[in-house]
There are 4 protein chains.
Amino acid sequence: MTLTLAQAQTMITGTLAEARARNAKPLAVIVLDAGAHPVAFAREDGASLYRFDIARAKAEGAAGMDADTAVLAERAKGNPTFFQSVTAAVGGRIAFSPGGVVIRDAAGTLIGAVGVSGDTGECDADCARAGIRAAGYLQEQQP
Amino acid sequence: MTLTLAQAQTMITGTLAEARARNAKPLAVIVLDAGAHPVAFAREDGASLYRFDIARAKAEGAAGMDADTAVLAERAKGNPTFFQSVTAAVGGRIAFSPGGVVIRDAAGTLIGAVGVSGDTGECDADCARAGIRAAGYLQEQQP
Amino acid sequence: MTLTLAQAQTMITGTLAEARARNAKPLAVIVLDAGAHPVAFAREDGASLYRFDIARAKAEGAAGMDADTAVLAERAKGNPTFFQSVTAAVGGRIAFSPGGVVIRDAAGTLIGAVGVSGDTGECDADCARAGIRAAGYLQEQQP
Amino acid sequence: MTLTLAQAQTMITGTLAEARARNAKPLAVIVLDAGAHPVAFAREDGASLYRFDIARAKAEGAAGMDADTAVLAERAKGNPTFFQSVTAAVGGRIAFSPGGVVIRDAAGTLIGAVGVSGDTGECDADCARAGIRAAGYLQEQQP
């Protein structure tokens, strides 16, 4: 199945609602489709200039590796040299911090990814999951 | 002054409302701030993969040259070699087709740019202007 | 729907069978999925080194713009400055010569693209279509 | 001597047969010639998007350094700063994990490389060697 713009916008709204409810720092949030191409993006007032690039790299890394960046960041700690070379091999389209979360349909198939940047990685990831939940999709990692 | 996310989202909504009113092909629309950094983006269902890159390059070119890409495209026809070198010099962050439209405040200062891709350049530019108008901003080019 | 490796390999076999039947020059052929990511590739003995890059750029351009590169090449003739800037905006992931052919399912949805390079653009495109036909998919352009 | 497409396809078939026999995760496998240019590639259904880039970087690194990436990964652990600079110097065309395996003729001359990505590096490398063996070539590293 294919992620729609309406679903992506619901995810962004849900992500930012969570961010404001917990008084997070200003965030940027991007939603990619199953091929890691942008569907929707928003950067809150006050979020710094590179938040777009970092949010996108988190989402691309999650979609490209089919795993949340929280998981990838843990793996990278144990094998930094390999993951540095992966970063170069994919042209920088990956970021090793929580906040890149895969979106799966009911069958478990990857249909996209959300990337969030602005606060701590853990907060970013929580907000991303809130956005995915708002659109009614399963989450990669349950708390 | 600084473009807010709320204003950028109003511009995207206004752009896509115009597109649907005239039955345009599926569009991608991006809003950049005064520093040419993304504030908001949306790609309609059915818009092809490269629409993000092209919409962004239109908006970046407009912000980067402080002129609508409709104007830049005309200039480029008369001096293609120079504008090809500009394209290379800015790393591809410019696209010579209408649809990149500068956003100015009441004093005429550049505060951002909208980029649209998906239909003809003229249609793209009309939709971008409709979005800017929806947010209450002056337009670069009056009809 | 998703293109499978088995289908992609059938397309490659069909493309190269057509090439040998018409005694074409040695070809390279790539099959991409709906997100423009590689699924399968083959370079015939004697095909030159850059055939991989050119075949891939044809297929990426077709998938990225949702149109055969034969069509894109015609459009580019009428507006070279714009399409040169598109080439830069997408980082070179497009090639303006026939041989990049979109793959559509029965509903007309893009599910991938085939790119062929080695002989004339017209021959390359014919071979690509033969490969897509071998896998039972509709073709973008009927003769 | 020169690696043929038929040999490369035999290596891919042999690699994937080994992968299925041991129930490995979905793999991507690439075969490069002596100049590190792609000859053949296949990505199994379910393998993530970046598997192409990582498999290719493993094979390129092996061909480029004339050594299996299992060896290079060990060296890199002892001198990460140097190998990070190598990664940058070669534009990311190397990946420090097992799975990039050189192909040699009977005289020991490098004639190509296989790169595999998708499971653990050790499993990837075992599958790559099975593919090279299927084509009748000597292996770099005997167990």
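Residue positions are counted from 1 within each chain, in the order its sequence is given. Lettering for chains starts from A, numbering for ligands starts from 1, and both go in the order in which the items are written. Totals for whole chains, interfaces and linings use every residue, but because this is a predicted model, local features are given only for residues with pLDDT of at least 70 and side-chain atom pairs only at 80 or more, for both listing and counting. The side-chain quantities take in all heavy atoms of the structure and omit both hydrogens and water.

Caption draft 1: Broad picture of the overall build of chain A. Comment: elements are numbered from the N terminus, with helices defined as DSSP H or I runs of at least four residues and strands as E runs of at least two. A count of helices and strands for chain A gives 5 helices and 5 strands. Counted from the first residue to the last, chain A has its helices and strands arranged as α-β-β-α-α-α-β-β-α-β. Radius of gyration here uses only the C-alpha atoms, and the compact-globule reference equals 2.2 Å multiplied by the residue count raised to the power 0.38. Over its C-alpha trace chain A gives a radius of gyration of 14 Å, about what one expects of a compact globule, namely 15 Å for 143 residues. Its C-alpha atoms give chain A principal-axis dimensions of about 40 × 35 × 25 Å. Nonlocal contacts in chain A, meaning residues at least 24 apart in sequence, comprise 65% of its contacts between residues at least 6 apart. Whether two residues are in contact is decided by their heavy atoms: any pair within 4.5 Å suffices.

Caption draft 2: Region of interest: helix H4 (residues 80-89) of chain B. Categorising residues by exposure relies on relative accessible area from a 1.4 Å probe, with only protein chains included: less than 20% of the type maximum marks a residue as buried, more than 50% marks it as exposed, and the intermediate range marks it as partly exposed. Of all the positions in H4(B), only B:Phe83, B:Val86 and B:Thr87 are classed as buried. With its buried residues spanning 100° around the axis, H4(B) presents them on a single face. Turned more than 90 degrees off the buried face of H4(B), the exposed positions are B:Thr81, B:Ala88 and B:Ala89. Where the residues of H4(B) are buried, they touch helix H2 (51-65) and helix H3 (69-78) of chain B together with helix H4 (80-89) of chain C. Where H4(B) ends, the next residue or the one after it, B:Gly91, has phi of about 65°, a positive value. Each direction from the helix axis to a C-beta atom contributes to the arc, which is the arc of those directions.

Caption draft 3: Quick look at helix H1 (residues 5-21) of chain B. Residue and element names in this part refer to chain B. Taking 1.5 Å as the rise per residue, H1 with 17 residues should run 24 Å; its terminal C-alpha atoms sit 24 Å apart, in good agreement. Residues of H1 that are buried include every one of Leu-5, Gln-7, Ala-8, Met-11, Ile-12, Gly-14, Thr-15, Leu-16 and Ala-19, and no others. The positive-phi residue at the C-terminal boundary of H1 is Asn-23, with phi of around 55°. Multiply 1.5 Å by the residue count of a helix minus one, and that product is the helix's expected span.

Caption draft 4: The interface of chain B and chain A, seen in detail. Between chain B and chain A, the residue contacts involve 18 residues of the former and 18 residues of the latter. When two parts are brought into contact, each loses some accessible area as probed by a 1.4 Å sphere; the total of that loss over both is the buried area. A per-residue breakdown of the area chain B buries against chain A is headed by B:Leu5, B:Phe41 and B:Arg43, which together make up 31% of the total. The salt bridge criterion pairs a side-chain nitrogen of Lys or Arg with a carboxyl oxygen of Asp or Glu, the two atoms within 4 Å. The interface formed by chain B and chain A includes 2 salt bridges. Elements that contribute at least two residues to the side of chain B that touches chain A include exactly H1, strand E2 (38-43) and H2 of chain B. Considering every element that reaches the side of chain B that touches chain A, the biggest residue donor is E2(B), with 6 residues. Of the residues contributing to the side of chain B that touches chain A, the split by class is 10 nonpolar, 3 polar and 5 charged. Across 3 bridges, the pairing between strand E2 (residues 38-43) of chain A and E2(B) is antiparallel. The residue of E2(B) that forms the bridge with A:Ala40 is B:Ala42. Any residue outside Ala, Val, Leu, Ile, Met, Phe, Trp, Tyr, Cys, Pro, Asp, Glu, Lys and Arg is labelled polar, Gly included; the first ten of those are nonpolar and the last four are charged. What makes two strands pair is DSSP finding at least two bridges between them.

Caption draft 5: Local environment of the relation of the copies chain B and chain A. Each copy is superposed on the other by least squares, with the fit set by C-alpha atoms of residues at a pLDDT of at least 70 in both. Least-squares fitting of chain B to chain A yields an RMSD of 0.1 Å, with the transformation described by 0.0 Å of translation along the axis and a rotation of 180°. The relationship between the two copies is best expressed as a two-fold rotation axis. For chain B, the residue whose C-alpha comes nearest the rotation axis is B:Phe41, separated from it by 2.4 Å. Looking at chain B, 100% of its interface residues are interface residues in chain A too, so the copies touch through the same face.

Caption draft 6: Molecular detail of the packing of aromatic side chains. All names here are of chain C. Paired rings are identified among Phe, Tyr and Trp, the last through its six-membered ring, by centres lying within 6.5 Å, and are further divided according to the angle between planes into stacked (under 30 degrees), edge-to-face (over 60) and tilted (the rest). Going through the model one piece at a time under the given rule, you end up with 14 aromatic pairs over all chains. Seen from their ring centres, Phe-82 and Phe-83 are 5.0 Å apart, and the 65° between their planes marks the pair as edge-to-face. Assessed through its relative accessible area of 10%, Phe-82 is described here as buried. For Phe-83, a relative accessible area of 7% corresponds to the buried category.

Caption draft 7: Representation of unusual backbone geometry. Phi is positive for A:Asn23, which is not a glycine, with a value near 55°. Using a relative accessible area of 66% as the deciding quantity, one classes A:Asn23 as exposed.

Caption draft 8: Quick look at the pairing of strand E2 (residues 38-43) of chain C. Residues and elements named next belong to chain C. Within E2, 6 of the 6 residues are buried, leaving the element largely enclosed by the surrounding structure. Where strand E1 (residues 28-33) lies against E2, 5 bridges are found, and the strand directions are antiparallel. By the bridge assignment, Ala-28 is partnered in E2 with Arg-43. Once E1 ends, the chain turns through 4 residues before running back antiparallel as E2, passing Ala-36 with a positive phi of about 70°.

Caption draft 9: Spotlight on the environment of A:Asp119. All names here are of chain A. On the secondary structure map, Asp-119 appears in the loop between strand E4 (110-117) and helix H5 (121-134). With relative accessibility at 23%, the residue Asp-119 sits in the partly exposed group. C-alpha of Asp-119 to C-alpha of Ala-47: the two residues are 72 residues apart in sequence and 9.6 Å apart in space. In this view, Asp-119 contacts Ala-24, Lys-25, Leu-27 and Asp-124; residues no more than four positions away in its chain are not counted. Polar contacts, as used here, are pairs of N or O atoms within 3.5 Å; protein pairs need one atom able to donate a hydrogen and one able to accept it. Residues neighboring in sequence count only if both atoms are side-chain atoms. At 2.9 Å, the side chain of Asp-119 forms a polar contact with the backbone nitrogen of Lys-25.

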